[in-house]
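# Summary of the model geometry
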Amino acid sequence: MIAVEVVLAWPDRVASRQLQLPETATVADAIAAAALAGSDLCPAVAVHGLLARPTQTLRDGDRVELLRPLLADPKDNRRRRARAGS
């Protein structure tokens, strides 16, 4: 068995689950086992901050991070700040 943490963060709160999974567990297995509300709305996932595929095999101590969709396009924000500063 391996110990894995699955995390989903919002601006004002964090949901987290500590799991014990088989050594063959994948990212998708961890997400399903954690059953965090809102995980179905996350378009991407990372393991220790690096983008991961659902089929990636996990290792003991991994932290699976569910990534929420961006609320604003960073490029648009940068353009808006540049226009306001000129």
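Everything below is about the structure shown above.
To start, this report covers the structure provided alongside it. Quick caveat: nothing in here was measured; it's all calculated off a predicted structure.

### Some words on the pairing of strand 1 (residues 2-9)
- Counting buried positions along strand 1 gives 6 out of 8 residues, so the element sits mostly inside the fold.
- In terms of strand pairing, strand 1 meets strand 2 (residues 14-21) through 8 bridges, oriented antiparallel. The partner of Val 7 across the bridge, within strand 2, is Ser 16.
- If you look at the hairpin formed by strand 1 and strand 2, you'll find 4 residues sitting between the two strands.
- Taken together, the 4 bridges between strand 1 and strand 5 (residues 63-67) define a ladder with parallel strand orientation. Pairing of Val 6 across the sheet is with Val 64, part of strand 5.

### Remarks on the pattern of salt bridges
- On inspection of all chains with the given rule, the structure shows 2 salt bridges.
- The partner of Arg 63 in a salt bridge is Glu 5, with the nearest N and O atoms 3.6 Å apart. A residue pair is termed long-range when its members are at least 10 positions apart, and Arg 63 in strand 5 and Glu 5 in strand 1 qualify at 58 residues.
- Residue class for Arg 63 comes out partly exposed when judged on its relative accessible area of 32%.
- As a salt-bridge pair, Glu 65 and Arg 63 come within 3.2 Å of each other at their nearest N and O atoms.

Reading guide: rules and limits
Residues numbered from 1 in each chain as written. Predicted model: local features only at pLDDT ≥ 70, side-chain atom pairs only at ≥ 80, totals over all residues. Heavy atoms only, no water. Buried < 20%, exposed > 50% of the residue type's maximum accessible area, 1.4 Å probe, protein only. Helix = DSSP H or I, 4+ residues; strand = E, 2+ residues; numbered from the N terminus. Pairing = 2+ DSSP bridges. Salt bridge = Lys/Arg side-chain N within 4 Å of Asp/Glu carboxyl O.

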